[in-house]
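# Structure assessment
Read off the chains here:
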Amino acid sequence: MIEKNYQPADIEGRMSLIWEDSRAFSAGRPDRRDARPFTIVIPPPNVTGSLHMGHALNNTLQDILCRFERMRGRDVLWQPGTDHAGIATQMVVERQLMERQQPGRREMGRAKFLERVWQWKAESGGVIVNQLKRLGASCDWSRERFTMDEGLSRAVVKVFVELHREGLIYKDKRLVNWDPKLLTAISDLEVQQVEVKGSLWYLRYPLAGITFNPEDPMSYIVVATTRPETMLGDGAVAVHPDDERYSHLVGKHVILPLVGRRIPIVADEYSDPEKGSGAVKVTPAHDFNDFEVGRRHSLPQISVLDQEARINLVGNEDYLHGLPEGSMQLAEELHGLDRFAARKQIVARLEDFGFLDRIEPNVHMVPHGDRSGVIIEPYLTDQWYVDAKTLAQPAIAAVRSGATTFVPKNWEKTYFEWMENIQPWCISRQLWWGHQIPAWYGPDGKVFVAETEEEAVGNALGYYVEQEVITPEQGREMALDRNKRAGFITRDEDVLDTWFSSALWPFSTLGWPDETPEVKRYYPTDVLVTGWDIIFFWVARMMMMGLHFMKEAPFSTVYIHRLVRDEKGAKMSKSKGNVIDPLGVIDDYGADALRFALARGAAHSHDIKLSPQLVETNRNFATKLWNACRFAEMNDCVVPAGFDPTKARDTLNRWIAHETARATREVTEAIEAYRFNDAANAIYRFVWNVYCDWYLELAKPVLMGEEGVAKTETRAMVAWARDEILKLLHPFMPFITEELWGVTSKRDGLLALAPWSRKPSLTPEQLAMMSTATINDPLMPPVLLAFDAAEFTDTSAEAEIGWVVDLVTAIRSVRAEMNIAPATLTPLVLAGASDETRERVPRWSDVIRRMARLADISFADRPPEGAVQLLVRGEVAALPLKGVIDLSAEKARLDKELAKAEADIKRVDAKLSNEKFVANAPEEIVEEEKEKREAAEARKARILEALERLKNAA
């Protein structure tokens with residue numbers, strides 16, 4: 001018995017337990033032993049994370065694919081797991097220690113601190129997993145992995161060692177994104193560009209060999225900079241080679257203000273003649289672009305800041321080298337100052353000595369750490385790197401050859417742009433939580449990389465015995481006693497970038513480097529579902545690692561989804577206060593409503609605009625389905641054993657079979673093409689418009705009539721179509737469909753494992769099986785036994801019932817356009833009707849009159865005067881409205897509405913043609929204006945159509 005009211009909270013928790021207890025989502029089920037595998041790996045959320053709307057979208061789309069393929073008979077593995085999230089997790093635990101007034105990380109020591117992190121993970125690390133279950137994610141939770149599991153850690157070490165052995169991992173001194181608060185290098189993804197109202201300082205750099213005079217422009221060159229404090233480390237001044245203003249100065253030198261160092265003027269295309277003065281200072285150790293300019297011109301790399309972004313000059317050999325006598329006073333006065341305090345002092349000194357030309361306000365983007373919130377410093381330091389350029393080549397080739405394709409395909413251009421301009425990948429982080437780098441150092445700094453400490457120590461001691469640094473006896477003692485080798489051989493304290501372990505996710509989660517049955521069966525995976533922002537950070541790196549170690553691309557398809565924004569199109573952020581909490585939405589409207597709202601908006605071409613009201617609309621859809629199933633139950637609608645919908649005799653019933661087949665094809669083909677919005681909207685239209693509004697409405701007279709063959713058939717067809725709806729809708733709204741599947745009929749098995757209504761393409765082996773197996777063969781995959789609902793067609797039934805639907809819809813539309821009151825019944829004249837139409841009218845006249853609010857239906861050779869004419873399936877239907885409405889007043893009203901629509905279009909066009917508005921207005925405002933224009937154009941088209949009808953009626 002179906003409960004009277006649909007209450008998601010009463011259903012969803014119970015359904016989750018049923019799925020879990022039945023192991024419905026387990027990969028490798030006995031009944032799928034011979035089925036083709038279908039594999040998706042979940043983008044592992046941070047173990048510190050909580051479900052946000054991006055997670056909700058991403059996992060909804062993955063779940064749609066997994067449930068769809070599971071119902072199509074595939075052996076589905078949706079591999080779940082979480083990421084150890086180095087910085088985020090370490091910060092959470094450190095903050096917890098501080099709040100509890102307990103010793104900090106460094107007071108505790110590394111071993112004790114890591115114990116504390118593992119303790120936190122055990123207590124609090126599973127929050128997001130339970131939240132994903134609330135969303136309905138049908139992962140094989142028995143296979144949940146963690147990027148620091150023992151097995152995954154072993155894979156990480158093996159990859160590092162092998163890449164190092166091949167020369168693809170190495171140590172180098174380069175610029176990194178340095179967080180001076182967290183004291184670690186961070187990835188580009190952890191850097192947020194923030195618009196800042198700053199200044200542009202124009203500085204006078206004296207030309208060497210000429211007496212500097214602030215009043216004489218010939219004695220200096222003006223450079224523009226946003227960072228005067230780093231000028232202490234300048235290695236050159238750069239001008240564009242085509243800039244005629246400075247061509248005579250290229251090759252000459254300037255004297256660095258305040259410092260006195262002599263530095264060259266170089267020609268480099270990096271300098272923009274249109275920006276600032278056209279001349280820029282080059283500070284290779286403090287700017288990524290300057291670093292490359294410095295390499296091109298062999299400039300010194302002079303770092304003038306320490307790890308905490310304080311001025312570091314005293315004892316700094318790079319800074320002191322070539323420094324003129326008498327320059328140490330400046331170094332001593334500035335040494336140890338914070339970078340921004342030093343900026344003020346340096347600018348003041350430049351002004352005092354006449355080196356400051358002018359200051360202009362300047363709005364520019366400044367990098368900030370997303371965790372610490374402080375300004376990130378390009379910092380020159382020794383780090384471990386991966387030779388990404390070499391590894392990228394097979395990954396580029398795989399996409400070019402079509403071995404891996406992006407959906408939508410335009411994202412391949414983004415992928416190629418990143419991959420073809422790839423830089424060395426910095427993989428070391430100055431943290432404690434993470435995979436510690438398997439590298440050990442001898443007393444002379446020599447590096448020994450190995451999979452185990454024993455192997456590294458053995459190699460190191462053997463080397464130093466051979467070099468006669470230690471005796472064989474000392475080597476044996478050190479090998480046996482850790483204390484005796486302490487200080488002689490030390491391990492690298494850094495850990496690996498979190499993205500390094502994530503890059504191995506598609507195969508490390510399956511047991512690699514062991515040759516497990518799971519690796520053989522489920523690698524490569526079928527599709528990766530992810531956001532565009534991590535194409536480079538994660539997708540590209542999985543491609544590189546998968547091809548290098550597994551010799552196959554990790555997935556054949558990469559589906560890139562768009563962002564979820566607020567209802568106005570603005571990006572969600574805590575600072576704006578427009579973040580929609582998916583868990584709160586689930587509490588209010590249910591997981592199914594949220595999932596369906598996201599799926600219906602998941603188009604290839606634009607972001608999703610979401611609001612609680614939109615989710616409520618989809619909860620109303622669920623209620624509509626619930627009530628339709630209750631209606632079927634109250635009318636004793638069940639599917640008899642052996643029922644064949646293709647044998648239905650009644651035209652209405654054959655029509656719903658035809659429409660069900662069409663909906664099945666549309667939904668199936670749309671999911672196969674990753675057009676989730678098209679699939680969801682197709683099933684929405686079918687359920688709401690076709691099944692509920694038309695079929696059930698047209699079937700009511702039969703269901704409420706006398707018992708007989710027609711009623712028996714209609715009951716069966718109502719129930720059959722309902723069951724097909726539950727199947728089609730299940731990947732999108734799993735909780736309500738599973739509940740209704742269980743209570744509407746007595747049947748064995750879960751909907752989650754029921755066969756899809758349209759058979760997939762069969763393999764030769766499956767075709768052979770079908771030719772020899774019987775219907776009761778236990779080895780026959782259930783999908784092969786399913787009725788293929790998508791193959792049925794009945795054009796005759798569609799022509800008849802479709803005509804009724806189109807006619808009533810057209811009349812209702814005109815009545816609404818012309819404000820005809822519901823109580824007013826109008827006549828209908830069918831002009832020049834065909835024989836088929838004349839035959840249909842007697843069968844459907846009562847229904848048409850009732851649903852279209854008609855007084856009567858008649859036939860004529862031509863439309864009467866003063867009638868509004870409708871074209872329905874090529875034939876004219878006329879509504880005589882003279883005396884019913886004032887045609888001239890209605891025309892005046894429509895003319896007024898038309899003028900308003902055209903004014904709205906003109907106003908929006910004026911905004912969108914204003915380049916300044918388009919350039920400066922927030923993206924969501926511009927998008928909103930475009931949508932206003934589309935709505936006004938649609939309104940205008942409807943009004944013109946209505947005016948044309950009135951014109952014909954005059």
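Residues numbered from 1 in each chain as written. Predicted model: local features only at pLDDT ≥ 70, side-chain atom pairs only at ≥ 80, totals over all residues. Heavy atoms only, no water.

### Notes on the overall build of the protein
Just so we agree on the cut-off: For the purposes of this entry, the term helix denotes a DSSP run of H or I that reaches at least four residues, the term strand denotes a run of E that reaches at least two, and both are numbered from the N terminus. Note on areas: Shrake-Rupley with a 1.4 Å probe; residue coverage comes only from the protein chains shown. None of His or the chain ends enter the tally, which takes Lys and Arg as positive and Asp and Glu as negative. Here the site of a charge means NZ on Lys, CZ on Arg, CG on Asp, or CD on Glu.
A count of helices and strands for the protein gives 34 helices and 29 strands. Its C-alpha atoms give the protein principal-axis dimensions of roughly 110 × 75 × 55 Å. Here the protein displays about 43000 Å² of accessible surface, and carbon together with sulfur accounts for 50% of that area. For the protein, the separation between the mean place of its 118 positive charges and that of its 142 negative charges on side chains is 4 Å.

### As for the sheet that holds strand β22 (residues 525–531)
What counts here: By the convention used here, strands pair only if DSSP detects at least 2 bridges between them. Orientation is described by lines fitted to C-alpha atoms, with helices fitted over the stretch in contact, and by angles between N-to-C directions that extend from 0 to 180 degrees. A contact between two residues is defined here by any heavy atoms of the two lying within 4.5 Å.
The 3 strands lie next to each other as β15-β23-β22, forming an open sheet whose pairing is parallel. Where the open sheet ends on each side, the last strands, each with one partner, are β15 (405–407) and β22. For this sheet, the mean angle separating the axes of adjacent strands, direction not counted, is 20°. Two elements, β22 and strand β23 (residues 555–561), share 6 bridges in a ladder whose sense is parallel. Following the sheet pairing, V527 is matched in β23 by T557. Together, β15, β22 and β23 form the strand contacts of helix α20 (residues 535–550), whose direction differs from that of β22 by roughly 165°.

### Digging into the nonpolar core
Rules: Put simply, a nonpolar core is a bunch of buried Ala, Val, Leu, Ile, Met, Phe, Trp, Tyr and Cys residues held in one set by side-chain atoms that sit within 4.5 Å of each other. Each residue gets one of three labels from its accessible area relative to the maximum for its type: buried under 20%, exposed over 50%, partly exposed in between, using a 1.4 Å probe on protein chains only.
Y415, F500, M545, L594, W655, Y691 and F732 are the most contacted members of the largest nonpolar core, which totals 210 residues. Considering every element that reaches this core, the biggest residue donor is helix α25 (residues 676–703), with 17 residues. Apart from residues lying up to four places away in sequence, F732 is in contact with I64, D592, R595, F596, A599, V667, I671, F676, A679 and A680.

### As for the confidence of the model for the protein
Our working definition: Per-residue confidence from the predictor is reported as pLDDT, a score between 0 and 100.
Here the protein averages 92 in pLDDT, while 96% of its residues score no lower than 70. Contacts for the low-pLDDT stretch residues 766–787, under 50 throughout, to residues beyond four places or in other chains number 31 contacts.

### Quick word on the sheet that holds strand β16 (residues 425–426)
An order of β6-β5-β14-β16 is seen for the 4 strands of this open sheet, with the pairing classed as antiparallel. Bordering the open sheet on either side are β6 (184–186) and β16, each of which pairs with just one other strand. Helix α8 (residues 288–296) contacts β5 (169–179) and β14 (377–386) of the sheet and is inclined by roughly 140° relative to β5.

### A closer look at unusual backbone geometry
When glycine is set aside, most residues are seen to have a negative phi, and most peptide bonds are trans. For the bond from W512 to P513, the omega torsion is 20°, close enough to zero to count as cis. Along the chain, P513 turns up in the loop between α18 (505–508) and α19 (517–522). Cis geometry marks the peptide bond from Y523 to P524, where omega comes out at 0°. Within the secondary structure layout, P524 lies in the loop between α19 and β22. Notably, L258 is not glycine yet its phi reads approximately 70°, a positive angle. Positionally, L258 belongs in the loop between β10 (253–255) and β11 (262–267). If you check the backbone angles, R853 has positive phi at about 60° while not being a glycine. With respect to the helices, strands and loops of the structure, R853 is situated in the loop between α31 (835–852) and β27 (854–860).

### Thoughts on the side chain of K727
Secondary-structure assignment places K727 in helix α26 (residues 709–729). For K727, a relative accessible area of 12% gives the class buried. Non-local contacts of K727, meaning those with residues more than four positions away in its chain, are made with M71, W741, L751, P755, W756 and S757.

### As for the side chain of R485
Along the chain, the position of R485 falls in helix α16 (residues 482–485). The class of R485 is buried, set by a relative accessible area of 8%. Among residues more than four places away in sequence, those in contact with R485 are E453, V457, M478 and A479.

### Concerning the pattern of salt bridges
Which entries qualify depends on this criterion: Only one rule defines a salt bridge in this text: a Lys or Arg side-chain nitrogen within 4 Å of an Asp or Glu carboxyl oxygen.
On inspection of all chains with the given rule, the structure shows 68 salt bridges. One salt bridge in this structure joins R562 and D607, with 3.1 Å as the shortest N-O distance. One end of the pair, R562, is in the loop between β23 and β24 (564–565); the other, D607, is in the loop between α22 (591–601) and β25 (608–609), and 45 residues separate them in sequence. Residues D723 and R722 are paired through a salt bridge, measuring 3.1 Å at the closest nitrogen-oxygen approach. One salt-bridge network, held together by shared partners, links E69, R72, R74, D526 and E672.

### Quick look at the environment of G434
Positionally, G434 belongs in the loop between β17 (428–429) and β18 (439–441). Exposure remark for G434: the relative accessible area of 12% places this residue in the buried category. Beyond its immediate chain neighbours, meaning those up to four positions away, G434 contacts H84, M148 and V495.

### Some words on helix α30 (residues 795–817)
Since the α-helix advances by 3.6 residues per turn, residues separated by three or four positions end up pointing in the same direction. Threshold: In this analysis, the expected span of each helix is defined as 1.5 Å times one less than the number of residues it contains. By the criterion applied in these results, polar contacts are pairs of N or O atoms within 3.5 Å in which, for protein atoms, one can donate a hydrogen and the other can accept it, and in which residues neighboring in sequence qualify only through two side-chain atoms.
Relative to the 33 Å expected for 23 residues at 1.5 Å per residue, α30 spans 31 Å between its end C-alpha atoms, a close match to the ideal helical length. Between the side-chain oxygen at the start of α30 and the backbone nitrogen of S796 there is a gap of 3.1 Å, and the oxygen is on D794. Phi turns positive one or two residues past the end of α30, at N819, with a value near 55°.

### Describing the environment of V457
Mapped onto the secondary structure, V457 falls in helix α14 (residues 453–466). Separated by 27 residues in the primary sequence, V457 and Q430 have C-alpha atoms spaced 23 Å apart. Each residue touching V457, except ones within four places of it in the same chain, is listed here: R485 and I489.

### Let's talk about the packing of helix α12 (residues 388–401) against α20
Going by this rule: Put simply, angles under 35 degrees are roughly parallel, angles over 145 are roughly antiparallel, angles from 65 to 115 are roughly perpendicular, and the rest are oblique. As a working rule, the residues Ala, Val, Leu, Ile, Met, Phe, Trp, Tyr, Cys and Pro are called nonpolar, Asp, Glu, Lys and Arg charged, and the rest polar, with Gly in that last group.
For the pair α12 and α20, the least separation of the axes is 8 Å and the interaxial angle reads 90°. The angle between α12 and α20 falls in the class roughly perpendicular. Note on element contacts: α20 touches α12 through M543, M544, L547 and H548, opposite A388, L391, A392, P394, A395, A398 and V399. Considered class by class, the residues forming the contact of α12 with α20 number 10 nonpolar, 1 polar and no charged.

### Quick word on the state of the cysteines
Basically, it comes down to this: For the purposes of this analysis, a disulfide is any pair of cysteine sulfur atoms at a distance within 2.5 Å.
Inspection of the entire model under this criterion finds 0 disulfides. C692 supplies the cysteine sulfur nearest to C629, a cysteine that is in no disulfide, at a spacing of 8.2 Å. For C629, a relative accessible area of 1% puts it in the buried group. Residue classification places C692 among the buried positions, given a relative accessible area of 9%.

### Let's talk about the environment of T660
Looking at the secondary structure, you find T660 in helix α24 (residues 651–672). Overall, T660 belongs to the buried group, its relative accessible area being 0%. Taking the C-alpha atoms as reference, T660 lies 9.9 Å from E791; in sequence the two are 131 residues apart. Excluding its chain neighbours within four sequence positions, the residues that come into contact with T660 are F686, W720, A721 and E724. A distance of 2.6 Å separates the side chain of T660 from the backbone oxygen of I656, its partner in a polar contact.

### Some remarks on the pairing of strand β26 (residues 826–831)
The test is simple: Throughout, right-handed denotes a crossover for which the path from the first strand over the helix to the second runs clockwise when the strands point away from the viewer.
For β26, the buried fraction is high: 5 of the 6 residues fall into the buried class. Relative to β27, β26 runs parallel, the two being bridged by 5 bridges. Counterpart to V829 in the pairing with β27 is S858. Viewed along the sheet, the connection from β26 through α31 into β27 turns out right-handed. Pairing of β26 with strand β29 (residues 875–880), which is carried by 3 bridges, proceeds in the antiparallel orientation. Bridging from a neighbouring strand, L830 pairs with A877 of β29.

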